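Topology and contacts: notes
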Amino acid sequence: MANLKSLAKDTAIYGLSSIVGRFLNYLLVPLYTHYMPKDSGDYGISTNIYAYTALILVLLTFGMETTLFRFANDERSKPDTVFSTVMAVVGSLTLVFLLLVFGFIGPISGALGYAAHPDYLLMMAVVVALDALQAIPFSYLRFQKRAIRFASLKMLFIILNIGLNVIYFVLLGKTSVFYVFFINLLCTGLITFFFVPDLFRIQWKFDGQLLRQMLSYSWPILILGVAGILNQVADKILFPLVYPDQVEANIQLGIYGSCVKIAMIMAMITQAFRYAYEPIVFAKNKDADKTEYYASAMKYFLIFTLLAFLCVVGWMPILQYIIGEDYREGLGVVPIVMVAEIMMGVYFNLSFWYKLIDKTIYGAWFSLAGCLVLFAVNILLIPKYGYWACAWGGVAGYGTAMVLSYIVGQKKNPIPYPLQSIAYYVALTVMLTMSIYYIPETYGFGPILTLAFNTLCICCFVSYILHNDLPLSSLPIIGKKFKK
């Protein structure tokens, strides 16, 4: 119970920085979709280049974030030595990457369709390099349970980024996608300096023997990470390459990329859960009740992600105003993308069975299988169905990896997940979602009545949670009144 309380507390802190930060970043979506017209394709360009940077970031970090937790929790290793060795790996990879990009920027920009704008790629190359270097100190803060400092630095970046975007786009009238990348570069560079005091407090020591052990552990995680991030960004990378019309591709990708922002509430919850859960899992592995803990964590993760799903679907009449009117034609993909994100979160929860027994190669295979399915769906269907193929490709890819991980995991390292209880929650979510979509439309509800009905459906789900798994008497402060 103490570990679950710690998980809840840290998830709240990480979640606050993640959810509040993403909410503030949502302010950039109406800003961009208002000042960058749909037909310019600028928002599509931004979506495409950020997809590349997400993939490159995984390559540069080389699975070392999870590796740091694994070896820093090993009693035979000193945490500072683990950190130093990891930084040496990531720093070396980052330096090589920058030398290659700056040395071959001409051919690279031409191959990616940005021959007229190599400056876009150069700026984002520096951004992703700095992000890779920051990733390890951020992970070390999580290992040290310094959630407040972690959240503060994340929030500082977001506030600076939003402030500069407002200044450039609204006050100065600088509406080109160039300034999106330029501002990101400024803010990322500034945050990097805040880690300098922490780096001076580290007892730096490189351990070659430890490095060999870490590389043996991390390379399957790298494959897992590459396959995993491809499941998230491959559609945005492939879209301009397989869509018949290049100009229209950027326009359609801009529509899809803006609508997906609404679905990212699920990614925020998963990310917050991961930040808190990952360090605890490796520490919990020594305890006798670990399997029950993992099973409970999976159940509560699903409960609250399904609740978030219903909230987004039910309050879509309000949330749609996050994006500009010209981009709203793609809102239908939002629930589909959210289902894919839930599957990704479940897959993340399932992934610990092979991480804890040092069999990360399984994760690589599962993710590669999912990635192949996603690639196939996107390549075959994007030319005909456009961004709808992207949304369903995510469901197919994550669904494949999730099912494979569960089947093999229950044979190799079984965990008693409460499947019946989970199935009830999923069935209730499906029933309420269908009600939200069809009843107001069938009976011609107006906007206010529609929101009231949708909110009632959400309250029904909350009531089911309180009745079955989270009674009010168990809650802090409120529970004291009910116990009386």
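Every chain begins its residue count from 1, and numbering advances along the sequence as written. Under the rules for a predicted model, residues below a pLDDT of 70 receive no local features and side-chain atom pairs below 80 are neither given nor counted, while totals for whole chains, interfaces and linings still include all residues. Think of the side-chain values as coming from all heavy atoms in the structure, minus any hydrogens and water.

Quick look at the environment of Ile108 now. Per the convention used, a helix needs a DSSP run of H or I reaching at least four residues, while a strand needs a run of E reaching at least two, with both numbered from the N terminus. In this structure, Ile108 sits in helix 6 (residues 105–111). For the pair Ile108 and Pro118, spaced 10 residues apart in sequence, the C-alpha to C-alpha distance is 8.4 Å. The criterion used for residue contact is that any of the two residues' heavy atoms lie within 4.5 Å. Setting aside its immediate chain neighbours within four residues, Ile108 contacts Leu100, Val101 and Leu121.

Moving on: the environment of Gln246. Residue placement: Gln246 occurs in helix 12 (residues 246–263). Think of it in three bands: with a 1.4 Å probe and only protein chains considered, a residue is buried below 20% of the maximum accessible area for its type, exposed above 50%, and partly exposed in between. What makes Gln246 partly exposed here is its relative accessible area of 44%. Taking the C-alpha atoms as reference points, Gln246 and Gly41, 205 residues apart in sequence, are found 9.9 Å from one another.

It is worth spelling out the pattern of salt bridges at this point. When a carboxyl oxygen of Asp or Glu lies within 4 Å of a side-chain nitrogen of Lys or Arg, that pair is called a salt bridge. If you walk through the whole model with that rule in mind, you get 3 salt bridges. Close ionic contact of Glu329 with Lys38 constitutes a salt bridge, the shortest N to O distance being 3.4 Å. With a gap of 291 residues between them, Glu329 in the loop between helix 15 (316–319) and helix 16 (334–350) and Lys38 in the loop between helix 2 (28–35) and helix 3 (42–61) connect regions that are remote in the sequence. Of the charged contacts, one joins Asp235 and Lys236 as a salt bridge, the two residues approaching to 3.4 Å between their closest N and O atoms. Here Asp235 and Lys236 have matching classes, each one buried.

Note on aromatic contacts: the rings of Phe and Tyr and the six-membered ring of Trp form a pair at centre separations within 6.5 Å, being stacked when their planes are under 30 degrees apart, edge-to-face when over 60 apart, and tilted otherwise. Summed over the entire model, instances satisfying the criterion amount to 20 aromatic pairs. Ring centres of Tyr32 and Phe169 lie 5.2 Å apart, and the angle between their planes is 55 degrees; on these two criteria the pair is classed as tilted. Of this pair, Tyr32 sits in helix 2 while Phe169 is found in helix 8 (residues 147–171), placing the two residues 137 residues apart along the sequence. The exposure classification of Tyr32 matches that of Phe169, with both residues buried. Cluster of aromatic residues (ring-pair linked, three or more members): Tyr32, Tyr43, Phe169 and Tyr327. Lysine NZ or arginine CZ positioned within 6 Å of the ring centre and within 35 degrees of the ring normal marks a charge as sitting over the ring. Lying across the ring of Phe138, Lys154 places its NZ or CZ 4.2 Å from the centre.

Looking at where Gln134 falls in the secondary structure, it is placed in helix 7 (residues 118–143). Non-local contacts of Gln134, meaning those with residues more than four positions away in its chain, are made with Thr188, Ile191, Thr192 and Phe195.

Val334 and Phe461 are the most contacted members of the largest nonpolar core, which has 128 residues in total. Once residues lying within four places of it in the same chain are set aside, the contact partners of Phe461 are Ile303, Leu306, Leu307, Leu310, Tyr425, Leu428, Thr429 and Leu432. In this description, a nonpolar core means a group of buried Ala, Val, Leu, Ile, Met, Phe, Trp, Tyr and Cys residues linked to one another through side-chain atoms lying within 4.5 Å. Grouped together as the second largest cluster of nonpolar side chains are 15 residues, Leu55, Ile229, Val233 and Leu374 included.

Mapped onto the fold, Leu130 is located in helix 7. Leu130 gets classed as buried once you look at its relative accessible area, which sits at 19%. C-alpha separation for the pair Leu130 and Leu185, spaced 55 residues apart in sequence, amounts to 9.0 Å. Not counting residues within four places of it along the chain, the set of residues in contact with Leu130 comprises Thr188, Gly189 and Thr192.

Turning to helix 7, a few remarks are in order. Each helix should span, by expectation, one fewer than its residue count multiplied by 1.5 Å. For helix 7, with 26 residues, the first-to-last C-alpha span of 38 Å sits near the 38 Å given by 1.5 Å per residue. At every residue, the bend is computed as the angle between two fitted axes, covering the seven residues ending there and the seven beginning there respectively. In helix 7, a bend of some 25 degrees at Ala135 exceeds every other bend along the element, and Pro137, a proline, comes one to four places later. Of the residues trailing helix 7, Lys145 is marked for its positive phi of about 60 degrees.

Each residue carries a pLDDT score, the predictor's confidence in it, ranging from 0 to 100. Mean pLDDT over the protein chain stands at 83; residues scoring 70 or higher make up 86%. No element of the protein chain has a lower mean pLDDT than helix 22 (residues 478–483), at 49, and none a higher one than helix 20 (residues 419–442), at 94. In the model, residues 475–479 has pLDDT below 50 throughout and makes 5 contacts with residues more than four positions away in sequence or in other chains.

Moving on, we come to a nonpolar patch on the surface. A contiguous nonpolar surface patch, about 430 Å² in accessible area, is contributed by Val166, Ile167, Val170, Leu171 and Leu172. Position of Ile167 relative to the elements: it lies in helix 8. Under the relative-accessibility criterion, Ile167 is labelled partly exposed at 36%. Residues forming no salt bridge and having over 30% relative accessible area are the ones grouped into patches, like charges within 9 Å of each other and nonpolar side chains (Val, Leu, Ile, Met, Phe, Trp, Tyr) within 5 Å. Calculation of accessible area relied on Shrake-Rupley with a 1.4 Å probe; when residues are assessed, cover is drawn exclusively from the protein chains displayed.

This brings us to helix 3. The end-to-end C-alpha separation of helix 3 is 29 Å, in line with the 28 Å expected for 20 residues at 1.5 Å each. Taken across its 20 residues, helix 3 has 15 buried, putting it largely inside the fold. Looking one or two residues past helix 3, Phe62 carries a phi angle of roughly 60 degrees, positive in sign.

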